[in-house]
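Chain by chain, the residues:
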Amino acid sequence: MAQYEELAARGSGYVIEGMIARHNARMENMAKLPPPAIEPVTSALLSIGFTDFALRELGATRDRSPSSYGGDWVDHLAWGADSAYSAARLLFSGQFIGATTILRSQFERWTENAAYNTGISHRRGESVADYAARAWAKCHKNYPFAPQEINAGPKATEDADGPHLDPAQGSPPGPSVLIGDDYEVYPSALMNSMSDLLHSRGPWVDVVHWESGQLLDGVPPAALGEASTGLADVMTLNLRQIRLCLATLAEEEGKTDLPRRIFLGSIERARGGHKPPAFPSLIPLLPNTGLTPGIVAGLKDAARAHASVMQGKKPAGRLYRDDEFALLHFYERRARAATWALKAFDLEKRRMGKLDFEHLETRNFRYLIAAEMAGLISVWLKRSPAADAAAACSSAMRSAYWLWLEDDDRALAALRVLLEQCGRLRVWTEKPEKADKLERSPSSTPKDWLTAAGWRRLSALNKALGEFSHAHANIRWDGAREILQKIQHEKIDPDDSLHMARGHALDALTFILLKELIGSSEKVSPVIGSAFRKIVNDILIEEKDLEKGTEALFNRTLLHKDASLGDYSFRGPADATRKGFTPAADR
């Protein structure tokens, strides 16, 4: 802090240079993540096996956007597979909160699929974690379960619906699932750990501080291996459920040899190596970074190699090693993401008549500065609950922006984290006694933090972002998107408002964050607080406009506090006998 106070005394421009240097250092350190952050993830990706081949054989759209959840069942399964790679990309970048928003929603989605296919119902009063544990344990008791001639996997040693004691803990973490011969995972513990991280609490928060405050540098926290392994386990289970769905679909379509290949070609608990993907495949899809011609050409070359492998060829003149194979699937997804980003720019050019990359760079700078301000404050608050909130704000801001660049609705899930943690930071700044009471209560909710922050007018925004944080049968994305569309400034052209809803939400939360960071920094250090205020006023947005704009947002949002979210978004296939993408009525 003393060093930044010295910079602030020399001029706010020096503070900006310091924050840009922080951003650059973190980006450079992404390419040097230690093995505990890499190996579990590459190993989980290696379990995809013949999934991509099966998706092609069963008619999945080959040039689909990785963020699209599909219009039919096979494309929906493809979205599930693609989502594993979207999460992996954020994990390889050190962004554990962003990755968890994807993996938690996917875990919900495939939990319900497992439950439906095994007749498990959510009991009244049962926690989501306990429901997930019962569904996964029963569905995977004898994995793989089809077809009959495939040698069944390891059998559960205990009743899947009964308690399973962990001798090391002496507590009942719930039913377990076996991966490989003897590796047990506990779905209830995984679900609870993900939930804790998304509320910026629990032991995994250490990895968020490492990314936001320590720039992925120095000695990594002990939680790094635990968090990476836990999220990789979630990824493995999700991919396994998708394989089961693909095998069932193949049988329905008379492709009787395909299920055998799907199961025998998957490798779980194999070592995928500690080599991360090439750095250019991780960076944001901006015209002057991840979308430069050279990077895009390299990704497309990898995608062509992937397509060649799917056709049974050897584009490298030999068989790929396991670690190479895992990354080949990764690059194919990144190539599609880049292709769709370029298509989006072309569509915008046709709609608007020109492309304003300068405006995009201005927004990029704003998000960067907001994230780094939050990261610095997380360091200066010295591992307090308020520091946890600031660190989560920094990381969620980054992930939301990166996902927004890819037209991924999971950006809104990251913004949900950002909104809650902004409120939490505000309460610690303005009402520390109230904040301490909320921290001590196990029943505190995001709504409680927003109410304590004096933000009840944002209930509609919180409700809409909350819908995008989940992917279960009762989600209502269409209604939530309509709320985000309506709370935009009234001067926005109605024809453009739908296209701009995600971006507006990102900007709105950025301005709310900036406002809270000024207040928090002034409590930490008046000198730094003054510099932060000057940076926001001179470089990002004039303070009077910031105050006026946020007040207008609060009032516009208040108008929709009772807005209905409408009907459920997921619908089952016309053939109700096909298991998987199930109608809400079947729930």
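Not measured: the values here are computed from a predicted model.

Caption draft 1: Summary view of the packing of aromatic side chains. Evaluated as defined, the whole model comprises 16 aromatic pairs. Look at Tyr367 and Tyr401: their rings are 4.7 Å apart centre to centre, the planes differ by 55°, and that puts the pair in the tilted class. Remark: Tyr401 occurs in helix α15 (residues 385-404) and Tyr367 occurs in helix α14 (residues 357-380); sequence separation between them is 34 residues. In textbook terms, an aromatic cluster arises when at least three aromatic residues are bridged by ring pairs, as seen for Tyr69, Trp79, Phe468 and Trp477. Seen from the ring of Tyr14, Arg10 lies directly overhead, with NZ or CZ sitting 4.2 Å from the centre. Positioned above the aromatic ring of Tyr183 is the side chain of Arg269, whose terminal nitrogen or guanidinium carbon lies 3.6 Å from the ring centre.

Caption draft 2: Here's a closer look at unusual backbone geometry. The backbone phi angle of Arg269 is positive, close to 70°, even though this residue is not glycine. With respect to the helices and strands, Arg269 occurs in the loop between α11 (258-264) and α12 (293-310). Backbone geometry places Asp407, a non-glycine residue, at a positive phi of 55°. Within the fold, Asp407 resides in the loop between α15 and α16 (410-430). A relative accessible area of 40% means that Asp407 is categorised as partly exposed.

Caption draft 3: How the structure looks around the side chain of Glu406. Among the structural elements, Glu406 can be located in the loop between α15 and α16. Taking the relative accessible area as the measure of exposure, Glu406 reaches 16% and is therefore buried. Those residues within four positions of Glu406 in sequence are excluded, and the remaining contacts are Ser67, Arg89, Leu285, Arg334 and Ala337.

Caption draft 4: Quick look at the pattern of salt bridges. The tally for this structure, following the rule as stated, stands at 43 salt bridges. One salt bridge in this structure joins Asp407 and Arg502, with 3.2 Å as the shortest N-O distance. Here Asp407 is found in the loop between α15 and α16, whereas its partner Arg502 is found in helix α21 (residues 494-524), with 95 residues between them in sequence. For Asp409, the salt bridge is made with Arg481, and the minimal N-O distance between the two is 2.6 Å. Of this pair, Asp409 sits in the loop between α15 and α16 while Arg481 sits in helix α20 (residues 477-486), and the two are 72 residues apart along the sequence. The class of Asp409 is buried, set by a relative accessible area of 15%.

Caption draft 5: Geometry of the confidence of the model for the protein chain. Scored by pLDDT, the protein chain has a mean of 90; 91% of the residues are at 70 or more. Residue range residues 146-170 is modelled with pLDDT below 50. Its contacts to residues more than four positions away, or to other chains, number 48 contacts. Overall, residues 573-587 carries pLDDT values under 50, and its contacts beyond four positions in sequence, including any with other chains, amount to 37 contacts.

Caption draft 6: Looking closely at the state of the cysteines. Within this structure, the stated rule accounts for zero disulfides. Of all cysteine sulfurs in the structure, the one in Cys139 sits closest to Cys245, which takes part in no disulfide; the separation is 8.0 Å.

Caption draft 7: Inspection of helix α9 (residues 205-212) at higher detail. Burial analysis of α9 places seven of its eight residues in the buried class, the great majority of the element. Turning to α9, its buried residues number three or more, namely Val205, Val207, Val208, His209, Trp210, Glu211 and Ser212. Turning to α9, the residues buried within the fold contact α2 (12-30), α6 (96-118), α8 (187-198), α10 (223-252), α14 and α15.

How each quantity is defined
- Residues numbered from 1 in each chain as written.
- Predicted model: local features only at pLDDT ≥ 70, side-chain atom pairs only at ≥ 80, totals over all residues.
- Heavy atoms only, no water.
- Phe/Tyr/Trp six-rings, centres within 6.5 Å; stacked < 30°, edge-to-face > 60°.
- Helix = DSSP H or I, 4+ residues; strand = E, 2+ residues; numbered from the N terminus.
- Lys NZ or Arg CZ within 6 Å of the ring centre and 35° of its normal.
- Buried < 20%, exposed > 50% of the residue type's maximum accessible area, 1.4 Å probe, protein only.
- Contact = heavy atoms within 4.5 Å.
- Salt bridge = Lys/Arg side-chain N within 4 Å of Asp/Glu carboxyl O.
- pLDDT = per-residue confidence, 0-100.
- Disulfide = S-S within 2.5 Å.

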